[in-house]
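Secondary and tertiary structure notes
Here's the letter readout for the chains.
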Amino acid sequence: LLMFPAGLGIAGAAVATSVSQIAACLIYVWLLLRRRLVRWSSMLRMPSRASLNTLAKGGVAVQIRAIALNVAFVAVTRSTQRLDATGTGAAAHAVAMQLWQLGGVILFAVSTVASIVVPAELNREGAGKRAARAAASRLLAIGLLLGSALAAVQLASSFALLGVFSPLPEVQAAAKVPSVIGSLLQVTAADSMGILFLLAICLVGHSRKRLLRSCS
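Residues numbered from 1 in each chain as written. Predicted model: local features only at pLDDT ≥ 70, side-chain atom pairs only at ≥ 80, totals over all residues. Heavy atoms only, no water.

Side note on the overall build of the protein chain
When you go through the protein chain residue by residue, the secondary structure sums to nine helices and zero strands. When the helices and strands of the protein chain are placed in sequence order, the string is α-α-α-α-α-α-α-α-α. Surface accessibility of the protein chain: about 14000 Å² in total, with carbon and sulfur atoms responsible for 68%. (Helix = DSSP H or I, 4+ residues; strand = E, 2+ residues; numbered from the N terminus. Areas by Shrake-Rupley, 256 points an atom, 1.4 Å probe, with all protein chains shown as cover.)

In structure tokens, the structure reads:
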């Protein structure tokens, strides 16, 4: 809407991203306050050194994984910007990435559940490693089914959706093959989708942070 109808171009994409991120943050904070999961006093209070140490130890593996993903995305973006002087290749890459990430919202929701369920089963009285392993297996099966279903849906609709993301015929033509590849990768590839995303979260839940750092 902001890039083409409003005529803002790349600046419109930046504005849309900023507005959506700020709106999402405000909605999350409002929901947390409404459900009394947090309070203004606790959000504005500096955490203790002990809690910071715990967060640092538990989150370093996830941060390394996030850094590895961002480095990969930056490298890919740098390469696509040099494909041609017209910018068609870069635009096609951006469109294909947007289509690829549509299913990530659903799969990310499943991974969020995994990050809660797996450690909860691991520490629940009377459960332990066997129950956590069973929960992780169920979630991996759900991830496989969802990834396969999303791949099928995107394969069937990706060409029609290309016109939604770009009105330029040359960009739509250049994005067809990447969009098909991205649809197939919904099942297993790219650590932010499908099975591998859930595996990464399960490793965190099982406190296998050293293995997750190595994989990242």
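What about helix α1 (residues 10-34)?
With 25 residues, α1 should cover 36 Å at 1.5 Å per step; its first-to-last C-alpha distance of 36 Å lies within 8% of that length. Just beyond α1, the residue with positive phi is arginine 36, at close to 60°. (Expected span 1.5 Å × (residues − 1).)

With respect to the side chain of serine 166
Looking at the element boundaries, serine 166 is found in the loop between α6 (129-165) and α7 (169-184). Overall, serine 166 belongs to the buried group, its relative accessible area being 4%. With near-sequence residues (within four places) excluded, serine 166 lies in contact with Val95, Val171 and Gln172. (Buried < 20%, exposed > 50% of the residue type's maximum accessible area, 1.4 Å probe, protein only. Contact = heavy atoms within 4.5 Å.)

Structural notes on the packing of aromatic side chains
With the rule as written, the count across this model stands at zero aromatic pairs. The ring of phenylalanine 159 carries lysine 176 above its face, with NZ or CZ at 5.5 Å from the centroid. (Phe/Tyr/Trp six-rings, centres within 6.5 Å; stacked < 30°, edge-to-face > 60°. Lys NZ or Arg CZ within 6 Å of the ring centre and 35° of its normal.)

Quick look at α7
For α7, which comprises 16 residues, the first-to-last C-alpha distance of 23 Å matches the rise-based estimate of 22 Å (1.5 Å per residue) to within 8%. Taken as a whole, α7 carries its principal kink of about 40° at lysine 176; the proline proline 178 stands between one and four residues after it. Restricting attention to buried positions, one finds in α7 the residues Val171, Ala175, Ser179, Gly182 and Ser183. Residues of α7 that are buried sit in contact with α4 (88-102) and α6. (Bend = angle between axes of the 7 residues up to and from the residue.)

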